[in-house]
Amino acid sequence: MTRFNHHRYGRGFTLIELLITVAIVGLLASVVVPMAEVAMQRSKEREFRAALQQIREAIDAYKQAVDDGHILTDAQKSGYPPNLSVLVLGVDDAKSPKQEQKMYFLRRIPRDPFFEDASQPPEVTWGKRSYASPPDAPSEGSDVFDVYSFSAGIGLNGVPYRQW
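Residues numbered from 1 in each chain as written. Predicted model: local features only at pLDDT ≥ 70, side-chain atom pairs only at ≥ 80, totals over all residues. Heavy atoms only, no water.

A. Representation of the overall build of the protein. Of the regular secondary structure elements, the protein holds three helices and four strands. Computed over its C-alpha atoms, the radius of gyration of the protein comes to 28 Å, more than 25% above the 15 Å expected for a compact globule of 164 residues. Here the protein holds 164 residues, and 29% of them are scored as buried. A separation of at least 24 residues holds for 48% of the contacts in the protein among residues at least 6 apart in sequence. Positive and negative side-chain charges in the protein, numbering 19 and 20 respectively, have mean positions lying 11 Å apart. (Helix = DSSP H or I, 4+ residues; strand = E, 2+ residues; numbered from the N terminus. Rg over C-alpha atoms; globule rule 2.2 N^0.38 Å. Buried < 20%, exposed > 50% of the residue type's maximum accessible area, 1.4 Å probe, protein only. Contact = heavy atoms within 4.5 Å. Lys, Arg positive; Asp, Glu negative; His and termini not counted. Charge placed at Lys NZ, Arg CZ, Asp CG, Glu CD.)

What follows is the structure, given as structure tokens:
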């Protein structure tokens, strides 16, 4: 009977083995979770940088089209788009031989990935700086010279997202 009891108790794990296993799993989790958070932030920053680049290139292309005479505008205006929607909706090409041929600068306005409210339209997720406003205190005006993030966060490079 003692042999039978010996086999019955020899099959399980001891309490020490279980505690060591839990400690190892906890240690691995404490290393993996921060790495996953940094990877997620890096991915958002990559998306943010790409969105900024798309919008800024579209704004510059619009300004170049104004300078080249493809878009008619008042001489007192800066030549930058009046809002971000114009970049998607398009404007009439003044130099086109076909009547009312439009020029488009963006397929869609990218969303700021750091903007909290997902129900808002993408255009609202960006802060807009007019040509007349100073770079250290951007404000909206009659045109869109640049865009910035409303996020108060700081990037992995130490620069606030608002200053990217």
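B. Structural detail: the pattern of salt bridges. For the structure shown, the criterion picks out three salt bridges. The closest approach of N and O atoms between R56 and D146, which form a salt bridge, is 2.7 Å. Placement of the pair is R56 in helix α2 (residues 15-67) and D146 in strand β4 (residues 146-149), with a sequence separation of 90 residues. We classify R56 as partly exposed; its relative accessible area is 26%. Using a relative accessible area of 18% as the deciding quantity, one classes D146 as buried. Here K102 makes a salt bridge to D92, at a shortest N to O gap of 3.9 Å. Highlighted residues: K102 in strand β2 (residues 102-103) and D92 in strand β1 (residues 91-92), separated in sequence by ten residues. (Salt bridge = Lys/Arg side-chain N within 4 Å of Asp/Glu carboxyl O.)

C. Summary view of α2. Here α2 contains 53 residues, and its C-alpha end-to-end distance of 78 Å stays within 8% of the 78 Å for a straight helix at 1.5 Å per residue. Those residues of α2 lying buried are E45, F48, A51, L52, I55, A58, I59, Y62, K63, A65 and V66. In the core, the buried residues of α2 are packed alongside α3 (85-89), β1, β2, β3 (126-129) and β4. Just beyond α2, the residue with positive phi is G69, at close to 85°. (Expected span 1.5 Å × (residues − 1).)

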